[in-house]
Amino acid sequence: MNKTKNTHWLLYCRPGFEQDCAQEALRQAKQQKPIIGIEQPAIVADSGYVIIALNEQSLCYRELIFARQLIRLHHSIEALPERDRLTPILAAVAALPGTFGALWLEVPDTNDGKTLSAFTRRFQPLLEEKLQEQGKLQDNSPKTVRPEPVEGSARTEKLPRLHIFFPDKSSALIGSSDPYNSAAAIMGIVRQSMPAEAPSRSTLKLAEAIEVFMDRSEQTRLLRQGMTAVDLGAAPGGWTWQLVRRGIRVTAVDNGPMKGVLAKHPLVEHLKQDGFKFAPRKTVDWLVCDMVEKPSKVAKLIEDWFAAGWCRHAIFNLKLPMKQRLVALDSALGGIRKRLDEEGINYRMMAKQLYHDREEVTVFLTKTKG
Ligand SMILES: C[S@@+](CC[C@H](N)C(=O)[O-])C[C@H]1O[C@@H](n2cnc3c(N)ncnc32)[C@H](O)[C@@H]1O
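Residues numbered from 1 in each chain as written. Predicted model: local features only at pLDDT ≥ 70, side-chain atom pairs only at ≥ 80, totals over all residues. Heavy atoms only, no water.

Participant: Can you walk me through empty space enclosed by the protein in this structure?
Facilitator: Using a probe with the size of a water molecule, rolled over the atoms, empty space left in the structure can be pinpointed. Under the criterion given, the structure shown has 1 cavity of 30 Å³ or more. The volume enclosed by the largest cavity comes to roughly 40 Å³. As for the largest cavity, its lining consists of Y12, G48, R68, V107, P108, D109, F165, M187 and I189. When grouped by side-chain class, the residues that make up the lining of the largest cavity number 6 nonpolar, 1 polar and 2 charged. (1 Å grid on protein atoms, 1.4 Å probe; cavity = no way out; pocket = protein on both sides within 12 Å on 5 of 7 lines; lining within 4 Å. Points joined across faces, edges and corners; volume = space filled by probe spheres on them. Nonpolar A, V, L, I, M, F, W, Y, C, P; charged D, E, K, R; others polar.)

Shown next as structure tokens:
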């Protein structure tokens, strides 16, 4: 990949989702221009990353569901000497044009990858110092920053980040990411700490969805004390907990029990009903839904809620245990788009396989003004 005219992209994903990630990215590229004379994507099952080659097509990170991170690949080093990894990496970076705003050393999100983390932690300050001396690295910006809104941002301020990805201990992939077209977290992972009071680890999914899909001002505007929500498939209450902790009143629908502080919470009304048959008495601000059901059935439910005007915003999970995940996802999301368009509803929808998602993706849907 060193001296070809093609561009190579490195995408991180959840291990086991490499095919979905590559297939989706190639499809996005093909929608711009046919891909001509390019080698097949390099996919290693369960590796947590893929490399794809394109002609000059670009990729849009926000529209990719399975990619955790989007990196333009510049160089690969295949036989890194164990005693001196610094020299070849410095030489490769020196040959790149421009200056970088941050240095991110990354490893695959696998057990093998984790064994390299101790090395990257030790290596980071050494490499950083040398790159700053070389004038290749401009500042010591924080390693994890909030995503900036893409639309209308002043594109002049942020320099590209430099990524050195170690697929294993003897190779390195060197690339860069555009802070306006990538994830703003190392390894593309927005980590969340488990709140002691929350009754299930699922709470982390909703916490992460809020961080990933909404910038700070949107979070403040859309998640306010006094708002109302319905949580379909709420038990034991991890998602409800995220809402009540923001002062939102929740109708929690589930035949199963709400646990811990949510068993008797002043902001929670627990209804033992079928989530697919439940209708709210009045419009609520939020619908959240984590029921384990076919994506097509959940998508239909969401469309019906928006078409009936029962909610303004939704975060829901689509479970993807099937082999043809992209097909199931296209059909579910395509169905929602079609129905909302027919109903004349203006909306914004984003879907991502979050770090805390397993065989599933999370979707944010919000009504927008005409
Ligand atoms: C993955 S769990 C939800 C976990 C929850 N989000 C949390 O954070 O604790 C799925 C829940 O959906 C509920 N469920 C499945 N089908 C349902 C239905 N038709 N109506 C209501 N609840 C349903 C199950 O009882 C189960 O509690």
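Still to come is the rest of the account.
Participant: Would you mind going over the sheet that holds strand β3 (residues 49-54) with me for this structure?
Facilitator: Think of a sheet as strands paired side by side through backbone hydrogen bonds, with each pair either parallel or antiparallel. Ordered by their spatial adjacency, 7 strands build an open sheet running β2-β3-β1-β4-β7-β6-β5, and the pairing between neighbours is mixed. Edge positions in the open sheet fall to β2 (42-43) and β5 (102-106), since each of these has one partner strand only. Alignment of strand β1 (residues 7-12) against strand β4 (residues 69-77), held across 5 bridges, turns out to be antiparallel. Following the sheet pairing, L11 is matched in β4 by L70. Against the sheet, helix α4 (residues 117-134) makes contact with β5 and β6 (161-168), and its axis sits at roughly 155° relative to β5, the strand it touches most. (Pairing = 2+ DSSP bridges. Helix = DSSP H or I, 4+ residues; strand = E, 2+ residues; numbered from the N terminus. Contact = heavy atoms within 4.5 Å. Axes fitted to C-alpha atoms, helices over the stretch in contact; angles between N-to-C directions.)

Participant: Would you explain the packing of aromatic side chains in this entry?
Facilitator: For any pair of aromatic rings, geometry is given as the distance between the ring centres together with the angle between the planes. Evaluated as defined, the whole model comprises 10 aromatic pairs. Ring centres of Y12 and F165 lie 4.9 Å apart, and the angle between their planes is 35°; this geometry places the pair in the tilted category. Of this pair, Y12 sits in strand β1 while F165 sits in strand β6, and the two are 153 residues apart along the sequence. Taking 6.2 Å as the distance between ring centres and 25° as the angle between the ring planes, the aromatic pair formed by W286 and F364 counts as stacked. Highlighted residues: W286 in strand β11 (residues 284-289) and F364 in strand β14 (residues 360-367), separated in sequence by 78 residues. The buried category is assigned to F364, whose relative accessible area is 0%. Ring pairs connect the aromatic residues Y12, Y49 and F165, which therefore count as one cluster. (Phe/Tyr/Trp six-rings, centres within 6.5 Å; stacked < 30°, edge-to-face > 60°. Buried < 20%, exposed > 50% of the residue type's maximum accessible area, 1.4 Å probe, protein only.)

Participant: Explain the domain arrangement of the chain here, please?
Facilitator: Frequently, the measure chosen for interface size is the accessible area that the parts lose on association. Taken domain by domain, the chain holds domain 1 (7-188) and domain 2 (203-367). The interface is formed by 18 residues belonging to domain 1 together with 21 residues belonging to domain 2. At the boundary of domain 1 with domain 2, total buried surface from both sides reaches about 1700 Å², with 49% on carbon and sulfur atoms. Across the domain 1-domain 2 interface, the total number found is 2 salt bridges. Residue D20 pairs with R325 through a salt bridge whose shortest N-O separation is 2.7 Å. (Domains from an automatic or database assignment. Buried area = accessible area lost by both parts, 1.4 Å probe. Salt bridge = Lys/Arg side-chain N within 4 Å of Asp/Glu carboxyl O.)

Participant: How should the site of the ligand be read in this particular structure?
Facilitator: With respect to spatial proximity, 16 residues lie near the ligand, and among them S200, G238, D254, G275 and D290 are the closest. Separating an oxygen atom of the ligand from a side-chain N or O atom of S200 is a distance of 2.8 Å. Backbone polar atom of G237 to an oxygen atom of the ligand: 3.0 Å apart, as the coordinates give it. Taken by itself the ligand offers 600 Å² of open surface, and the protein chains cover 76% of this. For the shell around the ligand, the per-class residue count stands at 6 nonpolar, 7 polar and 3 charged. (Near = heavy atom within 4 Å. Polar contact = N/O pair within 3.5 Å; in protein donor to acceptor, adjacent residues only side chain to side chain. Areas by Shrake-Rupley, 256 points an atom, 1.4 Å probe, with all protein chains shown as cover.)

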